[in-house]
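As a plain string of letters, each chain reads:
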Amino acid sequence: MKQTFAIGIGGAAGQGVATPGDIFAKIFSRRGLHLNAYNAYQSIIRGGHTFLTIRTGPEKVTNMGDRIDLLIPLNQDAMNRHLGLLTEGAACIYNADTIKPGTAADGVQLCPLPVSKLADITRNKVAQNTLAVGAGLSMMGIGFQALEEVLAEQFKKKGEAVVAENVAIARAGYDYATSNFKPFGWPLPMTENRYAVLSGNTAMAMGGAAAGVKFYCAYPMSPSTGVLHWMAAHARKAGIMVRQVEDEIGVVNMAIGAAHAGVRAMCATSGGGFALMSEGLGMSAMMETPVVVIDCQRAGPSTGVPTKTEQGDLWQMLGAAFGDYPRVIAAPLDIGDCFKIIPEIFNLADRFQCPGIVLCDLLLSEGRLSVDPKDLDFNTVIDRGELVTSANGAPSGDGTNGAYKRYRITESGISPRAIPGVPGHIHTAATDEHDEDGVLISDEFTNPIKRRAMMEKRMRKVVGIEAAVPPPELWGPGPRDADVTLIGWGSTKGVIEEACEILSEQGISANQLQIRWLVPLHGEAILDILKDARHTIIVENNYSGQFARYLRSETSYVPSGCIRKYDGEPFMPHHIVEAVKEQLGGKTKLSVPAHEIMV
Amino acid sequence: MATALAATKHLVMADLKGKVDPDWCPGCGDFGVLAAVQKALVELQVPNHEVVTISGIGCSSNFPGYINTYGMHTLHGRALAVATGVKLANHDLTVVVTGGDGDGFGIGGNHFVHTMRRNVDLLYIVMDNQIYGLTTGQTSPTSRVGMKTKSMPFGNIEAPVNPISLALAAGATFIARGFSGEQKHLTELIKQGIQHKGFSFLDVFSPCVTYNHDNTYQWFRPRVKKLEDDSAYDPANWVAAMEKSLLWGEEIPIGKFFERTDVPTLHGAEPVLNAGPLVHNAAPIPPEVSRAFIEELM
């Protein structure tokens, strides 16, 4: 099994959970360690309970894991919620002045810090946090210098005195732990690698910049707002026009307007905002103006649980807007993929002049992952498709004035798209059904023959899209006919992968079919893979098995069983492992694992 | 982005004739608005491939199909949002948005208010007929109290919106009202609206001859009084404009209510556009910039 180390920091919102988290993350990634961070939080600015898990190790860390090695509760509530879940070898560092420990399991080290003796708490209100970070690093076997450097960066703007004060407090915690607490059995190693640490939202925003997005607009909505924040902060350097719009209806229409005028345009939202955008997606399809919309799913329906994750928007994406039209829907598999998938979907949307939807979720959007900087490649292929711009649009052939047909019927269904401003290509793009030349066939000139021809023209693009997207592949330690094949989509890739590894170590051979492209689905290829499978289980973060229902509707395939979770929290590997064993033992076909951590 | 082709071509009315003729009812006020827009573009000599006419949905929103410029016939109420995107992506284009009172003040009311406060540089013409025509005669946001329609057969009990006052409050920088029955005057207002740098709002009385038997040509004609005929009226005076906007009844002012030129346009206020229209900037992000983006995360 992979060697990893996980820290859990819990406290009230506003108590400073994020800062120690950032410090640990920086120290780990600079040590050449991978990390994965997930913050379980509430829709509250001050108070409540928030719990940050940072898991690190020398190999890729794909999910939050099952175990906390070091717990840092910043208040009594966090202690009460989490201490009982620690197991042998773990430790808990806490402020002995204010927090009483409960009963810990055997082999769990309680590490009380006499905070008021070690630091002047009247001067520094977050002294307990800094002491705990120092103490924790000492127990992990990490030299103090690494912390000193990060603190210097963190407090640089506040002046040398503040830096010195914080370094002194951290040092006191570090030294106190060295003399009083037992170090962890596995000192954290060091590698030559260096990683960037980023959220899925940052990754998608940067992916947009790499894809050549020139127009980004949004209405703030958790958990998608991080995309707007990155875009807004980097707009001027990246040459991107970023607007905050009055509502999501305005957002999608503005983005389509910009796209129609010839630039790549993107927007992000969550399920509720997406619902407002859906009529606009139909416009994108009907006018054949490409736009990319990111949906960062959160627990629904309605306003739901704004700070919790779910994969509950799939059917909304499949059915978004009325009528039939070609669309592309992709679900990034991890935070690195959040970057990669944006240029890919833009190339498809541009080539096929249709909307592209990125189906992300809170787990990826707000989670953080170490990514090799080489994987954040801005030198990416950009394919704008059959776009007629002023540069290449000299009137010729069927581009002569009056003869240009924006919606020319072609075998591929793709018609060369001229942007406003190009001489000789004047046309009107309409949301009403229209003929090849853009004239409406919805009012005075309705015509069933023409209507059918235009429907078929647009829908022919589906064939091209399918050919342009690779089919999914089977992955995993087990053979094609492994004891169990786990099927997932999007963000569950990492946790299913780890569950497969654990199962294989326990003598149950397992492999994984993870779906990245939801539309086109490649049903035939999926059936071909699954025909050798002995026991298939679909794993997803929703109540009704939205993907299972979709797969069945497209292929008639019915899996042996399902594992579903809809409590707002992501899967942990043991949830899947235990459910698989339960199902292989014939106990049930539907497992709904309980989330043991009260967050 | 005038091209050699455009520079040599003198624009005439025939150049602006659409692929098909309007299917509006004979006598519809919208014919007059279409003709006035075409005349204004000819008088201003704006090359027609550099004009985008953008509409929502409704009788008057069929407008882009009837004029030979680039056009977008978008969703009901969304034309201004789409137009903002077009203008920000290519601010060299002349953007004219056309629609009706239901489209603009009803379903599109939110975008109307916000596009005005943003001072997006475009001309928004509302063909205001105080009725829903395409859906065969229901009450609109500008229908008068007491007006009987299919949706309010016992008379409208809701106060109408006052588009001019609303535009003044929302910060539009050019505000005017025209009448489809006053062609020359209307053409002049359209020219001024196109030339104004910022959001130009032009509310046009455009009678619906089929469904609105209250607000007819005959009803408007004796009532409309041109602001331009009052030499004491100063369109730079916002308070005076607000007072004038409240006049309704025996005397209804038409003409330019208000104009100010000291507010930056949305595209003018954004330094990202200093280098020129976005659409002409296809250059990828320089490697040193993308490296710095990644470095922030290390």
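Residues numbered from 1 in each chain as written. Chains lettered and ligands numbered in written order. Predicted model: local features only at pLDDT ≥ 70, side-chain atom pairs only at ≥ 80, totals over all residues.

Take the overall build of chain B next. When helices and strands are counted, chain B shows eleven helices and eight strands. In terms of C-alpha radius of gyration, chain B reaches 20 Å, essentially the compact-globule figure of 19 Å for 298 residues. Referenced to the eigenvectors of the C-alpha coordinate spread, the extents of chain B come out at roughly 70 × 45 × 40 Å. The buried share of chain B, reckoned over its 298 residues, is 52%. Sequence separation of at least 24 residues holds for 70% of the intrachain contacts in chain B that already meet a minimum separation of 6. (Helix = DSSP H or I, 4+ residues; strand = E, 2+ residues; numbered from the N terminus. Rg over C-alpha atoms; globule rule 2.2 N^0.38 Å. Buried ≥ 20, exposed ≤ 12 C-beta atoms within 10 Å, placed from the backbone. Contact = placed C-beta atoms within 7 Å.)

Another aspect to go through is the overall build of chain A. The helix and strand inventory of chain A stands at 18 helices and 24 strands. For 599 residues, the compact-globule formula gives about 25 Å, and the C-alpha radius of gyration of chain A, at 27 Å, lands near that figure. On the principal axes, the C-alpha backbone points of chain A span a range of 85 × 60 × 40 Å. For chain A, the proportion of its 599 residues judged to be buried stands at 56%. Taking contacts inside chain A between residues at least 6 apart in sequence as the whole, the part at least 24 apart equals 73%.

All names here are of chain A. One can read the domain layout of chain A as domain 1 (5-180), domain 2 (197-375) and domain 3 (475-591). With centres defined by C-alpha atoms, the gap from domain 1 to domain 2 works out at 34 Å. Of the residues lining the interface, twelve residues belong to domain 1; the matching set on domain 2 comes to ten residues. For the side of domain 1 that touches domain 2, the elements supplying multiple residues, two or more each, are α1 (18-30) and β2 (34-40). (Domains from an automatic or database assignment.)

This paragraph deals with the interface of chain B and chain A. Listed as interface residues are 51 residues of chain B and, on the opposing side, 56 residues of chain A. Ranked by residue count, the leading element in the side of chain B that touches chain A is helix α3 (residues 79-89) of chain B, at eight residues.

Residues and elements named next belong to chain A. Spatially, the seven strands line up as an open sheet ordered β9-β8-β10-β11-β13-β12-β21, and their pairing is mixed. The open sheet is flanked by β9 (241-244) and β21 (517-519), the only strands paired with a single partner. Between one strand and the next, the sheet's axes are offset by a mean angle of 20 degrees, whatever the strand orientation. Pairing of strand β10 (residues 264-269) with strand β11 (residues 291-297) involves four bridges; the strand directions are parallel. Bridging across to β11, A268 finds its partner in I294. Along the sheet face, helix α8 (residues 225-238) touches β8 (213-218), β9, β10 and β11 and points at about 135 degrees away from the line of β9. (Pairing = 2+ DSSP bridges. Axes fitted to C-alpha atoms, helices over the stretch in contact; angles between N-to-C directions.)

Turning our attention to unusual backbone geometry. Residue and element names in this part refer to chain A. In this model, G300 is joined to P301 through a cis peptide bond whose omega is 0 degrees. With an omega dihedral of 5 degrees, the bond running from V519 to P520 counts as a cis peptide bond. When you line up the elements, P520 lands in the loop between β21 and α16 (523-530). Positive phi is not limited to glycine here, since A321 has a value of about 70 degrees. Following the sequence through the fold, A321 ends up in the loop between α11 (314-319) and β12 (328-330).

Moving on, we come to the pairing of strand β2 (residues 70-73) of chain B. Residues in a regular strand project their side chains so that they alternate between the two faces of the sheet. Residue alternation in β2 of chain B divides its side chains into two sets, Y70 and M72 of chain B and G71 and H73 of chain B, and both sets are buried. Pairing between strand β17 (residues 428-430) of chain A and β2 of chain B: three bridges, direction parallel. The partner of A430 of chain A across the bridge, within β2 of chain B, is H73 of chain B.

Time to look at the packing of helix α15 (residues 493-505) of chain A against helix α18 (residues 573-584) of chain A. All names here are of chain A. Put simply, α15 and α18 touch, their axes get as near as 8 Å, and they point 55 degrees apart. Relative to α18, α15 is oriented oblique. The handedness of the crossing between α15 and α18 comes out as right-handed. Touching V495, I496, E498, A499, I502 and L503 of α15 are P573, I576, V577 and V580, all from α18. Of the residues contributing to the contact of α15 with α18, the split by class is nine nonpolar, no polar and one charged. (Parallel < 35°, antiparallel > 145°, perpendicular 65-115°, else oblique. Left-handed = near helix turned anticlockwise from the far one by under 90°. Nonpolar A, V, L, I, M, F, W, Y, C, P; charged D, E, K, R; others polar.)

In this section: the packing of helix α9 (residues 248-260) of chain A against α3 of chain B. In a packed pair of helices, the relevant descriptors are the angle between the two axes and the axis-to-axis distance. Between α9 of chain A and α3 of chain B, the least distance of the axes is 6 Å, while the angle of their chain directions is 40 degrees. As judged from the angle between their axes, α9 of chain A and α3 of chain B are oblique. Read as a crossing pair, α9 of chain A and α3 of chain B show a hand that is right-handed. Contacts between α9 of chain A and α3 of chain B pair G250, N253, M254, A255, I256, G257, A258 and H260 of chain A from the former with A81, V82, A83, T84, G85, V86, L88 and A89 of chain B from the latter. Class assignment for the residues of the contact of α9 of chain A with α3 of chain B results in ten nonpolar, six polar and no charged.

On to the nonpolar core, then. Ranked by internal contacts, the top residues of the largest apolar core, which has 257 residues, are F215, A255, A258 and L518 of chain A together with V97 and I175 of chain B. Here this core gets ten residues from one element, more than from any other, and that element is helix α12 (residues 335-352) of chain A. In this structure, C28, I131, C208 and Y211 of chain B belong to the second largest nonpolar core, which totals seven residues. (Core = buried A, V, L, I, M, F, W, Y, C linked by C-beta atoms within 7 Å.)

What follows is about the pairing of strand β20 (residues 510-515) of chain A. Residues and elements named next belong to chain A. By the criterion of burial, β20 is predominantly enclosed, with six of the six residues buried. Residues A510, Q512 and Q514 point to one face of β20 and N511, L513 and I515 to the other, with burial holding for every one of them. Both strand β18 (residues 474-475) and β20 contribute to a ladder of two bridges, which runs antiparallel. Considered in β20, the bridge of W475 is made with Q512. As paired elements, strand β19 (residues 484-489) and β20 share six bridges and run parallel to each other. Bridge pairing in β20 places V484 opposite A510. As a crossover connection, the stretch from β19 through α15 into β20 is right-handed. (Right-handed = clockwise from strand over helix to strand, strands pointing away.)

What follows deals with helix α2 (residues 30-44) of chain B. Since the α-helix packs 3.6 residues into each turn, any two residues three or four apart lie on the same face. All names here are of chain B. Spanning 15 residues, α2 covers 21 Å between terminal C-alpha atoms, matching the ideal 21 Å at 1.5 Å per step. Within the sequence span of α2, burial applies to D30, G32, V33, L34, A36, V37, Q38, A40 and L41. In this structure, the buried residues of α2 make contact with β1 (51-55), β3 (94-100), β4 (122-128), α7 (183-195) and β6 (199-205). Count one or two residues on from α2 and you reach Q45, which has phi positive near 55 degrees. (Expected span 1.5 Å × (residues − 1).)

What follows concerns the sheet that holds β4 of chain B. Taking strand neighbours across the sheet as the criterion, the nine strands line up as β17(A)-β2(B)-β1(B)-β3(B)-β4(B)-β6(B)-β5(B)-β8(B)-β7(B) in an open arrangement whose pairing is mixed. Edge positions in the sheet fall to β17 of chain A together with β7 (224-226) of chain B, since each of these pairs with one other strand and no more. Geometrically, the sheet is characterised by an average inter-axis angle of 20 degrees between neighbouring strands, direction not taken into account. Two elements, β3 of chain B and β4 of chain B, share five bridges in a ladder whose sense is parallel.

This part covers the environment of D230 of chain B. Checked against the element boundaries, D230 of chain B lands in the loop between β7 and α9 (238-245). Between the C-alpha atoms of D230 of chain B and H76 of chain B, which are 154 residues apart in sequence, the distance is 38 Å.

Residue and element names in this part refer to chain B. Mean pLDDT over chain B stands at 96; residues scoring 70 or higher make up 97%. Ignoring residues within four places in sequence, the model shows residues 1-6, a span with pLDDT below 50, making eleven contacts including any to other chains. This complex was scored by the predictor with a pTM of 0.97 and an ipTM of 0.97. (pLDDT = per-residue confidence, 0-100.)

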